[in-house]
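# A structural walkthrough
The residues making up each chain are set out below.
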Amino acid sequence: MTSDYLHDVFISYRRQTHWSQWVKREFVGHLSAYLQQDLGYSARIFIDDQMLPGFDLPNDLGENLARSRIVIPLISKDYFNSDWCIHELDLIFDRNKEYTSANSGNQSIIVPVVVHDGESMPTCVRSILYGDFS
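A brief look at the structure comes next. Within each chain, residues carry numbers counting from 1 in the order of the written sequence. Under the rules for a predicted model, residues below a pLDDT of 70 receive no local features and side-chain atom pairs below 80 are neither given nor counted, while totals for whole chains, interfaces and linings still include all residues. The side-chain figures draw on all heavy atoms in the structure; neither hydrogens nor water molecules are used.

### Describing the overall build of the protein
Note the cut-off: A run of H or I in DSSP becomes a helix once it reaches four residues, and a run of E becomes a strand once it reaches two; helices and strands are each numbered from the N terminus. Throughout, a residue-residue contact means that at least one pair of heavy atoms, one from each residue, lies within 4.5 Å. Residue exposure ignores everything except the shown protein chains as possible cover, and the areas themselves are Shrake-Rupley values with a 1.4 Å probe.
Scanning the protein from N- to C-terminus turns up four helices and four strands. Along the chain direction, N to C, the helices and strands of the protein fall in the order β-α-β-α-β-α-β-α. Nonlocal contacts in the protein, meaning residues at least 24 apart in sequence, comprise 68% of its contacts between residues at least 6 apart. Per element, the accessible surface of the protein, about 8000 Å² overall, is 49% carbon and sulfur.

Put into structure tokens, the structure is as follows:
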């Protein structure tokens with residue numbers, strides 16, 4: 001991991017009681033185990049519950065997003081009903097545009113995962129879905 005990155009993965013999701021618990025208990029646990037096998041070290045995974053009290057939400061989340069190797073938006077119908085999630089997704093796409101420009105468009109830093117109702121996602125998100133997540 002390069003020194004510019006604080007995190008290997010930034011997880012963007014709709015923060016609600018159900019989703020927050022599922023992300024922490026299920027998704028991050030499984031993702032950590034799989035990444036450990038592939039990377040050979042414990043991946044640094046950022047979710048917003050790691051922010052300290054008194055944080056500045058837009059700036060602190062933006063900083064953590066900017067300093068993450070990849071971004072996993074957990075796509076759900078609720079995700080697109082949140083103004084904050086839409087704003088975060090805009091930041092993710094801006095960061096991805098910069099990254100792909102600097103790397104000749106060969107790679108993306110966005111790995112969207114559909115967790116509920118993939119029919120409601122915008123075309124720009126649908127266009128980056130991959131069939132093979134290996």
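There's plenty left to go through after this.
### Here's the deal with the nonpolar core
Our working definition: By convention a nonpolar core is built from buried Ala, Val, Leu, Ile, Met, Phe, Trp, Tyr and Cys residues, the set being connected through side-chain atoms within 4.5 Å. The buried label applies to any residue whose accessible area, calculated with a 1.4 Å probe on protein chains only, is under 20% of its type's maximum; exposed applies above 50%, and partly exposed to all values in between.
Residues Val9, Ile11, Tyr13, Val23, Leu31, Ile45 and Leu74 are the most contacted members of the largest nonpolar core, which totals 14 residues. Listing elements by their share of this core, those giving two or more residues are β1 (7–12), α1 (17–39) and β3 (68–75). If you tally residues by element for this core, the top one is α1, at six residues. Excluding residues that lie within four positions of it along the chain, leucine 74 makes contacts with Ile11, Ser12, Tyr13, Trp22, Val23, Phe27, Tyr79, Val113 and Val115. In this structure, Leu61, Leu89, Ile109 and Ile110 belong to the second largest nonpolar core, which totals 13 residues.

### Quick look at the sheet that holds β3
Going by this rule: Two strands make a pair as long as DSSP finds a minimum of two bridges between them. Working convention: axes come from line fits to C-alpha atoms, limited for helices to the stretch in contact. Angles between N-to-C directions cover 0 to 180 degrees.
Taken together, four strands build an open sheet; the order of strands is β2-β1-β3-β4 and the sheet is parallel. Across the chains shown, the open sheet's two edge strands, defined by having one partner strand only, are β2 (45–46) and β4 (113–114). Direction of pairing for β1 relative to β2: parallel, over a ladder of two bridges. Bridging from a neighbouring strand, valine 9 pairs with isoleucine 45 of β2. The strands touched by helix α3 (residues 83–102) are β1 and β3; relative to β3, the strand with the most contacts, the crossing angle is about 140°.

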